[in-house]
Amino acid sequence: MQENKIDVLINEMQKLSAAIERIAGPAPAVNDWSQAECFVWAPANRHLQPVAKPNRIDLALITGVDHVRDILFDNTLRFAEGYPANNVLLWGARGMGKSSLVKAVHARVAHETGSALKLVEVHREDIASLPVLMEILKAAPMPVIVFCDDLSFDHDDTSYKSLKAVLDGGVEGRPANVLLYATSNRRHLLPRNMMENEQSTAINPSEAVEEKVSLSDRFGLWLGFYKCSQDDYLAMVDGYARYYDLQVERETLHADALEWATTRGSRSGRVAWQFIQDLAGRLRLQLGDPA
């Protein structure tokens, strides 16, 4: 009888221990910066997941945005070398290489400087966990770029306040070894109807709108991306064709590329890349390393 009571007590204690573990959640992971150049933030267990093979292209392939490319490169270079640099908002037309430029610039700067510059991507739905990420990154022994792709906020979404806190730094200040790069299709990150709703319900409407607009103002650099011209689009196609040594007559290449853009209803770096993928497939060629 006594042994049965002990067994029951042990069983109940094991259930209690399991319940406590579920409530506490998984233990924080051990982050190893030496595993990769790029990481993805997983807030559930405070883990920086290493990306063994980042999805990025060579900086030389990004054309038609030379001015903003040079500004972003210089800002990133100064940061990697330990000099003052700004948080950056890359905004504008879809498919013009905003996120590709961030990843390509990071790779080129890390290679040219020999620094241990890291890139950490934060998914849109994890923005609210940015303060927790900052606690981890401030102890990193190297400069880190936090990258938020396709950033925007919907009505009643309050997670933008976490982003503002990171950009401002709060009482403690933003870690000196951290910069934030974000891409968005909207210059002010917040939809117009969201700002108008804030204005209509606020005691001081102008202050409410300024509060929303000021989110973008906290980025030191705004880099605008606009729809490309036909010449820029064809230059992108030519650049890809040269890089991958696609043996196609220039007139034929351009005619096919323009027809492709017409069927898509737009011209952009993304459309140019999709055309090159289709062309390589028709030629039965692999788009691996350049010849």
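Residues numbered from 1 in each chain as written. Predicted model: local features only at pLDDT ≥ 70, side-chain atom pairs only at ≥ 80, totals over all residues. Heavy atoms only, no water.

## Describing the pairing of strand 4 (residues 118–121)
Moving on, step 1. The pairing of strand 1 (residues 38–42) with strand 4 spans three bridges and is classified as parallel. Each bridged residue has a counterpart across the sheet, and for phenylalanine 39 the counterpart in strand 4 is valine 120.
Moving on, step 2. Looking at chain direction, strand 4 and strand 5 (residues 144–148) are connected through four bridges and run parallel. Considered in strand 5, the bridge of glutamate 121 is made with phenylalanine 147.
Moving on, step 3. Regarding topology, helix 4 (residues 130–137) serves as the crossover connection from strand 4 to the parallel strand 5, and that connection is right-handed. (Pairing = 2+ DSSP bridges. Helix = DSSP H or I, 4+ residues; strand = E, 2+ residues; numbered from the N terminus. Right-handed = clockwise from strand over helix to strand, strands pointing away.)

## Here's the deal with the nonpolar core
Moving on, step 1. Ranked by internal contacts, the top residues of the largest apolar core, which has 48 residues, are Leu72 and Tyr233.
Moving on, step 2. Val122, Leu133, Phe153 and Phe219 belong to the second-largest nonpolar core, a separate cluster that totals 30 residues. (Core = buried A, V, L, I, M, F, W, Y, C linked by side-chain atoms within 4.5 Å. Buried < 20%, exposed > 50% of the residue type's maximum accessible area, 1.4 Å probe, protein only.)

## Quick word on unusual backbone geometry
Moving on, step 1. The residue aspartate 245 is not glycine, and still its phi comes out positive at about 50°.
Moving on, step 2. Its place among the elements puts aspartate 245 in the loop between helix 8 (230–243) and helix 9 (250–264).
Moving on, step 3. What makes aspartate 245 partly exposed here is its relative accessible area of 39%.
Moving on, step 4. Look at arginine 284: it is not a glycine, yet its phi comes out positive at around 60°.
Moving on, step 5. With respect to the secondary-structure elements, arginine 284 resides in the segment after helix 10 (269–282).

## Details of the packing of helix 8 against helix 10
Moving on, step 1. Where helix 8 meets helix 10, the axes come as close as 9 Å, and the angle between the chain directions of the two elements is 40°. With respect to their mutual orientation, helix 8 and helix 10 come out oblique. Seen along the crossing, helix 8 lies across helix 10 with a hand that is right-handed. Along the contact surface, helix 8 presents Tyr233, Met236, Val237, Tyr240 and Ala241, while helix 10 presents Gly269, Val271, Ala272, Trp273, Phe275 and Ile276.
Moving on, step 2. Looking at the contact of helix 8 with helix 10 residue by residue, the class counts come to 10 nonpolar, one polar and no charged. (Axes fitted to C-alpha atoms, helices over the stretch in contact; angles between N-to-C directions. Parallel < 35°, antiparallel > 145°, perpendicular 65-115°, else oblique. Left-handed = near helix turned anticlockwise from the far one by under 90°. Contact = heavy atoms within 4.5 Å. Nonpolar A, V, L, I, M, F, W, Y, C, P; charged D, E, K, R; others polar.)

## A word on helix 4
Moving on, step 1. Within the span of helix 4, buried status applies to Leu130, Leu133, Met134 and Leu137. Buried residues of helix 4, viewed axially, fall in a sector of 105°; they line one side.
Moving on, step 2. The secondary structure elements touched by the buried residues of helix 4 are strand 1, strand 2 (47–51), strand 4, strand 5, helix 5 (160–168) and strand 6 (178–184). (Arc of directions from axis to C-beta.)

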